[in-house]
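# Secondary and tertiary structure notes
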Amino acid sequence: MADGPYSAFDCSPGLRLSAHERIYQIQQEALNRRLDRIEMMMERLEKRLWLTVYGVAAVILAQAAQSFMIVP
């Protein structure tokens, strides 16, 4: 007989397998949650990037329009 707190695992390979499957499931769920958060952050970053691009384009167009208005 095995001594210690893990003796149940030594006697029952089925319990060991189910424990590993449960651990894998928990890790997979945590990974999916992290990936979902990363995806949401990337979408927000993409929106900010497009706002910046549109802002720069608006400034350039405004300066071009202003230069046309100044010329007599």
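One structure accompanies this document, and this report is about it. Computed from a predicted structure; not experimentally measured.

Within the protein, the regular secondary structure consists of two helices and zero strands. Split into buried and exposed, the 72 residues of the protein put 1% on the buried side. Summing over all exposed atoms, the protein offers an accessible surface of approximately 7,000 Å²; the carbon and sulfur share of this is 67%.

A surface patch of like charges, here negative, comprises D36, E39, E43 and E46. Looking at where E43 falls in the secondary structure, it is placed in helix α2 (residues 13-70).

This paragraph deals with a nonpolar patch on the surface. On the surface, a nonpolar cluster with roughly 380 Å² of combined accessible area is contributed by L31, L35, I38 and M42. Relative to the helices and strands, L31 is located in helix α2.

About the cut-offs
Residues numbered from 1 in each chain as written. Predicted model: local features only at pLDDT ≥ 70, side-chain atom pairs only at ≥ 80, totals over all residues. Heavy atoms only, no water. Helix = DSSP H or I, 4+ residues; strand = E, 2+ residues; numbered from the N terminus. Buried < 20%, exposed > 50% of the residue type's maximum accessible area, 1.4 Å probe, protein only. Areas by Shrake-Rupley, 256 points an atom, 1.4 Å probe, with all protein chains shown as cover. Patch = residues over 30% accessible without salt bridge, like charges linked within 9 Å, V, L, I, M, F, W, Y side chains within 5 Å. Salt bridge = Lys/Arg side-chain N within 4 Å of Asp/Glu carboxyl O. Lys, Arg positive; Asp, Glu negative; His and termini not counted. Charge placed at Lys NZ, Arg CZ, Asp CG, Glu CD.

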